[in-house]
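Summary of the model geometry
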Amino acid sequence: MKNKKNFWEKHISAWENNGLSQAEYCRKYGISVKTFGYHKRRMAAAAMPPKIVPVPQTVLPTESKSRISKPINLYVPGGFRIEIEPDFCQITLKRMLEVVSNAPV
């Protein structure tokens, strides 16, 4: 693999220093113009440092509490009504449901 890289580095350097067009150089040395162009672009890209693009920090909105602005009423068999506020605790709700589901009807 290293020999291949050296091969193309030498040819591209020689082409840059001899004044021939790419097509003329490739014809003279029996090289594919497309392959030569590919390796020339590849070497040019490798020589350039990677571009660092600053990304602005933005705060992504979390699920809005305004989405559920009113409490939700949950009617449970046995005549129970549970009012769930927008910022309810899921653990507490789970415990409440366990209690009311075991309550005698």
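Residues numbered from 1 in each chain as written. Predicted model: local features only at pLDDT ≥ 70, side-chain atom pairs only at ≥ 80, totals over all residues. Heavy atoms only, no water.

1. A word on the packing of helix α1 (residues 2-18) against helix α3 (residues 33-47)
Describing two packed helices takes the angle between their axes plus the distance from one axis to the other. Keep this limit in mind: Helix axes are fitted to C-alpha atoms over the stretch in contact, other axes to C-alpha atoms as well, and angles between N-to-C directions run from 0 to 180 degrees. Numbering goes from the N terminus for both helices and strands, where a helix is a DSSP run of H or I of at least four residues and a strand is a run of E of at least two. Working definition: roughly parallel below 35 degrees, roughly antiparallel above 145 degrees, roughly perpendicular at 65 to 115 degrees, and oblique for all remaining angles. In what follows, a contact means two residues having at least one pair of non-hydrogen atoms within 4.5 Å. Polar here means any residue other than Ala, Val, Leu, Ile, Met, Phe, Trp, Tyr, Cys and Pro, which are nonpolar, and Asp, Glu, Lys and Arg, which are charged; Gly is therefore polar.
Viewed as axis vectors pointing N to C, α1 and α3 meet at an angle of 95°, and their least axial separation amounts to 10 Å. By the angle between their axes, α1 is roughly perpendicular relative to α3. Contact residues: α1 offers W8, E9, H11, I12 and W15, while α3 offers T35, F36, H39, K40 and M43. Within the contact of α1 with α3, the residues separate by chemical class into 5 nonpolar, 3 polar and 2 charged.

2. Points about the confidence of the model for the chain
Going by this rule: Confidence of the predictor in every single residue is expressed as pLDDT, which spans 0 to 100.
In this model, the chain carries a mean pLDDT of 80, and residues with pLDDT of at least 70 account for 84%. Within the chain, the element-level pLDDT minimum falls on helix α4 (residues 90-102), averaging 78, and the maximum on helix α2 (residues 22-29), averaging 94.

3. Some thoughts on the pattern of salt bridges
Counted only if it meets this: One side-chain nitrogen of Lys or Arg within 4 Å of one carboxyl oxygen of Asp or Glu is enough to make a salt bridge.
Scanning all chains against the criterion turns up 1 salt bridge. Between E83 and R81 there is a salt bridge; the shortest N-O distance is 3.2 Å.

4. Overview of the packing of α2 against α3
Put simply, the rule reads: Helix crossings fall into two classes, left-handed where the near helix is turned counterclockwise from the far one by less than a right angle and right-handed where it is turned clockwise.
The N-to-C vectors of α2 and α3 enclose an angle of 120°; their axes lie 9 Å apart at closest approach. Note that α2 runs across α3; the crossing there is right-handed. In this structure, α2 uses Q22, A23, Y25 and C26 to contact α3, whose residues at the interface are V33, F36, G37 and K40. Considered class by class, the residues forming the contact of α2 with α3 number 5 nonpolar, 2 polar and 1 charged.

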